[in-house]
Each structure stands twice: as structure tokens, then as C-alpha cells.
Amino acid sequence: MQHPLVRAALTLTGISGGLEISSIADIPSKGSGLGSSSTYTVGLLNALYAFKNSFVSKETLARQACQIESVKCGEPIGKQDQYVAAYGGLNLI
């Protein structure tokens, strides 16, 4: 598996094979400042848990996405993008 976010998400969820994942984007997943990598990671985790017929909370999705991006992949990012992606809705900042 070449994509580091996918590799880390598969490891974290315990899925080891028998799955094809396709990803297409119009914006880069790194450095765009749009939160695309965080949104991708949260969505990927959500899909992988659904594949396993398992439900996890928004908090778990956000926390695990932070763990994957910051710790496992070593990206120098905060936590706000993962939490916004997991919880959704409108936010007044």
C-alpha cells in the first residue's frame, strides 16, 4: 500500500485484505490549507468501519484521524480540521 493515510487507516481498523479503495480529487491532499487530507482521513475511517459493520462515534473518528495524520504520518498539523470533518455542521469561529 503506497498511500500513507490509507495504510495507517487499514492498520488501525484491522483490515488486512480483500478491499479495493479508489480516491479521486481535484485538489491536492497536502498543503492546500483546505482540510482535504483531514476530511479524507475521517471519511476513509468512517467507510472502513462501515465495511466492518461497526459503528464508531464522531469523537472516535476525529481522534483516530488526528492520530493517523499527526503521529503515524508525522504531518505537522493541528486537530481542528479532523474534528470539523467528523462533527460537520456550521461553525462560528
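Here's what I pulled together on the structure shown here.

Cut-off values and rules
- Residues numbered from 1 in each chain as written.
- Predicted model: local features only at pLDDT ≥ 70, side-chain atom pairs only at ≥ 80, totals over all residues.
- Heavy atoms only, no water.
- Helix = DSSP H or I, 4+ residues; strand = E, 2+ residues; numbered from the N terminus.
- Rg over C-alpha atoms; globule rule 2.2 N^0.38 Å.
- Buried < 20%, exposed > 50% of the residue type's maximum accessible area, 1.4 Å probe, protein only.
- Contact = heavy atoms within 4.5 Å.
- Areas by Shrake-Rupley, 256 points an atom, 1.4 Å probe, with all protein chains shown as cover.
- Lys, Arg positive; Asp, Glu negative; His and termini not counted.
- Charge placed at Lys NZ, Arg CZ, Asp CG, Glu CD.
- Axes fitted to C-alpha atoms, helices over the stretch in contact; angles between N-to-C directions.
- Parallel < 35°, antiparallel > 145°, perpendicular 65-115°, else oblique.
- Left-handed = near helix turned anticlockwise from the far one by under 90°.
- Nonpolar A, V, L, I, M, F, W, Y, C, P; charged D, E, K, R; others polar.
- Phe/Tyr/Trp six-rings, centres within 6.5 Å; stacked < 30°, edge-to-face > 60°.

The subject of this paragraph is the overall build of the protein chain. Assigned secondary structure in the protein chain consists of four helices and zero strands. Taken from N to C terminus, the helices and strands of the protein chain fall in the order α-α-α-α. Taken over the C-alpha trace, the protein chain has a radius of gyration of 13 Å; the compact-globule value for 93 residues is 12 Å, and the two agree within 12%. For the C-alpha atoms alone, the extent of the protein chain along its principal axes is close to 40 × 25 × 25 Å. By residue count, 30% of the 93 residues in the protein chain fall in the buried class. Residue pairs at least 24 apart in sequence account for 61% of intrachain contacts in the protein chain once pairs closer than 6 positions are excluded. Put simply, the protein chain shows about 6300 Å² of open surface, and 55% of that area lies on carbon and sulfur atoms. Taking the average place of the 7 positive charges on the side chains of the protein chain and the average place of its 6 negative ones, the gap between the two points comes to 10 Å.

Turning next to the packing of helix α2 (residues 36-51) against helix α3 (residues 58-72). Interaxial distance between α2 and α3 falls to 9 Å at its minimum, and their mutual angle equals 120°. The angle between α2 and α3 places the two elements in the oblique class. When the axes of α2 and α3 are compared, the crossing they make is right-handed. On α3, the residues touching Ser-37, Ser-38, Thr-41, Val-42, Leu-45, Asn-46 and Tyr-49 of α2 are Leu-61, Gln-64, Ala-65, Ile-68 and Glu-69. Here the residues of the contact of α2 with α3 sort into six nonpolar, five polar and one charged.

Attention now moves to the packing of aromatic side chains. In this structure the tally under the stated criterion is one aromatic pair. A ring pair is formed by Tyr-83 and Tyr-87, whose centres lie 6.2 Å apart and whose planes are at 10°; its orientation type is stacked. Residue Tyr-83 and its partner Tyr-87 are located together in helix α4 (residues 80-87), separated by four residues, close to a single helical turn. Tyr-87 sits in the partly exposed class, given a relative accessible area of 41%.

So, about the packing of α3 against α4. Following both chains from N to C, one finds α3 and α4 inclined at 150°, their axes separated by 8 Å at the closest point. Classified by the interaxial angle, the pair formed by α3 and α4 is roughly antiparallel. Crossing angle aside, the handedness with which α3 passes α4 is right-handed. The segment α3 lies against α4, with Lys-58, Glu-59, Leu-61, Ala-62, Arg-63, Ala-65, Cys-66 and Glu-69 engaging Gln-82, Tyr-83, Ala-86 and Tyr-87. Residues belonging to the contact of α3 with α4 are distributed by class as follows: seven nonpolar, one polar and four charged.

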